[in-house]
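Fold and contact review
Each chain, written out:
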Amino acid sequence: MSRMEPVIGLEIHTQLNTATKLFCSCATEVGDQPNTHICEVCSGQPGALPRTNGRAVELAAKAGLALGCKVNERSIFSRKNYFYPDLPAGFQTSQLDPPICEGGGLEIVDEDGGKRFIRLNRIHLEDDAGKCVHDEQRGQTLVDLNRAGTPLIEIVTEPDFRSSGEVMEFLKKLHAILVRLEVTQGRLEEGEFRCDVNISLRPAGTEKLGTRCEIKNLNSFRHAGQAIEYEIIRQGGLYDKGEPVIQETRLFDPAHQETRALRSKEEAHDYRYFPQPDLPPVVVTPELLARLKAEMPELPEEVKARLLEEGLTAEQTDVLLDRRRAVEYYDLALKILNEPKRVATLMVELLLPACQRDDISPMDSKLPPEGLAALGKLMADNTLNRRAAYDLFPELFERGGDPAELAKAKGVIQISDAGAITAMAEEIIAANPDQARQYREGQEKVLSFFVGQLMKRSKGAANPKLANEVLVKLLKS
Ligand SMILES: [Zn+2]
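In this text the structure is predicted, and so the values were computed from the model without any measurement.

Taken as a whole and assessed by the stated rule, the structure comprises seven aromatic pairs. Taken together, a centroid distance of 5.9 Å and an interplanar angle of 70° make the contact between Tyr82 and Tyr271 edge-to-face. In this pair, Tyr82 sits in the loop between β4 (78-81) and β5 (91-94) while Tyr271 sits in the loop between β15 (258-264) and β16 (274-275), placing the two residues 189 residues apart along the sequence. A relative accessible area of 22% places Tyr82 in the partly exposed class. Aromatic side chains Tyr271 and Tyr273 sit 6.2 Å apart centroid to centroid with 70° between the ring planes, which places their arrangement in the edge-to-face category. Among the residues examined, Tyr271 registers a relative accessible area of 24% and is labelled partly exposed. Joined through ring pairs, the aromatic side chains of Tyr82, Tyr271 and Tyr273 make up one cluster.

What follows is the structure, encoded as structure tokens:
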């Protein structure tokens, strides 16, 4: 039997980063009491009139620009009709033809280091459904409509993937771009970036597509990869036995590392799409498009190259790119203190862990970029040694303020005055004649004892380099 080749396409649902829903002014906030962010529009009351959220349209167009799509000046919303308890209107408002964006794509590097271009078919706007909550104890199903009407874009690729590795690479890259553009907050655990995988097998070298299965709602890169690996083996086994692959929707169960049938094609919906009569067309004017283009930030790939060029390590670069608004903070700090490595180190070692703990972006912390740059400057000009700077950080992060003033108030300004350090060193040597003799007899390790004593005496403020030099000179004389 000839080798089978997987053919994979993706549909990625991404929640747009808006404060309010797609067609009403209810908040998109998650985690509140059920049904507290609802109104007549998003709960599907008859006669309620939707109004399109302009910010959602801008974000969708922005995603299209970054992914090389054609952004249509005019697209329309359609009703996608189906019945489900979490969809009270009886239809989802989506886009069939034309969608807001068409074409485009993203280049990825495959496992062998080769470059592959994954084509996009389209990006369209749509609203999310509510949520059914199954109460096992009472044997009831409850409906929470807080999520109903939340704006999404669906990004549809062509079936260009040939392995799970390529899919994971693509998802990571796409996620980084959309988060960087602030199109989405991208929180995977909240389902803000989730994908459906369409996968079929065919004999390698042939063109005709095999029967495909769809794996729904994967909200982790790793699970997407595992689900694909499982499905390649399962479908391959069916072909080996000469059994047909049934076109169906499947779910991935991470606990058992397998996919399971959810519903077959026979039960599939006929959505009877038709233009949503209550909404005007979505219009992206050339002026709006020009403004969005002008506002487009550097994309992750470009930022990465620049930061490496500026002397940051690959690890630091990855951390900065991974955290929301961290690069923005870094760039602002650099305007005041042009020492990329120092700024990056302070961010990676101190600021970003603290922000992560408090679940805030660095731009929202009480220590603004100017403050971090000021702290770095005090280290650069030897006013603060590393230890003192790191000791001051928690207070600066909690309360903000001027690092120089805080250092003065705490009495930790570094002593770089050779006279003052010599005076302290002389006293310490005189008080510890045994250790001094050991040093002179060749036990050079004892030097660290003297450095420790001097740092203690100076309350950590002595310039460590100078302290070392002075002690060696005095001990050797
Ligand atoms: Zn509403």
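This part takes up the side chain of Arg250. Examined against the element boundaries, Arg250 turns out to sit in strand β14 (residues 248-253). On the basis of relative accessible area, Arg250 is assigned to the buried category, the value being 7%. Residue contacts for Arg250: discarding those within four places in its chain leaves Cys213, Glu214, Ile215, Lys216, Glu231, Arg234, Thr259, Arg260, Ala261 and Leu262.

With their axes 5 Å apart at the nearest point, helix α12 (residues 418-431) and helix α13 (residues 433-440) run at an angle of 95° to one another. With respect to α13, the axis of α12 lies roughly perpendicular. The segment α12 lies against α13, with Ile429, Ala430 and Ala431 engaging Pro433, Ala436 and Arg440. For the contact of α12 with α13, the per-class residue count stands at five nonpolar, no polar and one charged.

Pairing between strand β7 (residues 105-109) and strand β8 (residues 115-127): five bridges, direction antiparallel. Each residue of the ladder has a partner; that of Gly105, found in β8, is Arg119. In sequence, β7 turns back onto β8 through a hairpin of five residues, with Gly113 there showing a positive phi of about 85°.

For the rest of this paragraph, the subject is the coordination of the zinc ion. Taken together, Cys24 (SG), Cys26 (SG), Cys39 (SG) and Cys42 (SG) make up the full set of protein donors to the zinc ion, lying 2.3 to 2.4 Å away. In this structure, the zinc ion is surrounded by four donor atoms whose angles at the metal cover 102 to 115°, and the resulting shape is tetrahedral. Written as a sequence motif, the donor arrangement for the zinc ion is C-x1-C-x12-C-x2-C. A residue pair is termed long-range when its members are at least 10 positions apart, and Cys26 in the loop between β1 (4-15) and α1 (54-66) and Cys39 in the loop between β1 and α1 qualify at 13 residues. Cys26 sits in the buried class, given a relative accessible area of 11%.

A few words now on the pattern of salt bridges. Oppositely charged side chains can pair when the atoms bearing their charge come close. Counting across every chain of the model gives 36 salt bridges. Arg202 is the partner of Glu5 in a salt bridge, and the nearest nitrogen-oxygen pair spans 2.9 Å. You can see Glu5 sitting in strand β1 and its partner Arg202 sitting in strand β12 (residues 193-203), a full 197 residues away along the chain. As far as burial versus exposure is concerned, Glu5 and Arg202 are alike and both buried. Of the charged contacts in the structure, one is a salt bridge between Arg386 and Glu349, with a shortest N-O distance of 3.3 Å. With Arg386 in helix α10 (residues 386-399) and Glu349 in helix α8 (residues 340-358), this residue pair connects regions lying 37 residues apart in the sequence.

To continue, consider the environment of Gly31. Following the sequence through the fold, Gly31 ends up in the loop between β1 and α1. Relative accessible area serves as the criterion here: at 79%, Gly31 is assigned to the exposed category. Separated by 115 residues in sequence, Gly31 and Asn146 place their C-alpha atoms 9.2 Å apart.

Turning our eyes to something else, we now look at the sheet that holds β4. One open sheet accounts for three strands, arranged β5-β4-β16; its pairing is antiparallel. What marks the edges here is a single partner per strand, and that holds for β5 and β16. Across four bridges, β4 lies against β5 in antiparallel orientation. Counted as the bridge partner of Asn81 is Phe91 from β5.

Cut-offs and rules
Residues numbered from 1 in each chain as written. Predicted model: local features only at pLDDT ≥ 70, side-chain atom pairs only at ≥ 80, totals over all residues. Heavy atoms only, no water. Phe/Tyr/Trp six-rings, centres within 6.5 Å; stacked < 30°, edge-to-face > 60°. Helix = DSSP H or I, 4+ residues; strand = E, 2+ residues; numbered from the N terminus. Buried < 20%, exposed > 50% of the residue type's maximum accessible area, 1.4 Å probe, protein only. Contact = heavy atoms within 4.5 Å. Axes fitted to C-alpha atoms, helices over the stretch in contact; angles between N-to-C directions. Parallel < 35°, antiparallel > 145°, perpendicular 65-115°, else oblique. Nonpolar A, V, L, I, M, F, W, Y, C, P; charged D, E, K, R; others polar. Pairing = 2+ DSSP bridges. Donors = N, O, S within 2.8 Å, 3.2 Å for Na, K, Ca; no water. Tetrahedral: all angles 85-135°; square planar, octahedral: opposite > 155°, others 65-115°. Salt bridge = Lys/Arg side-chain N within 4 Å of Asp/Glu carboxyl O.

Function cannot be read off these values alone, since they describe shape.
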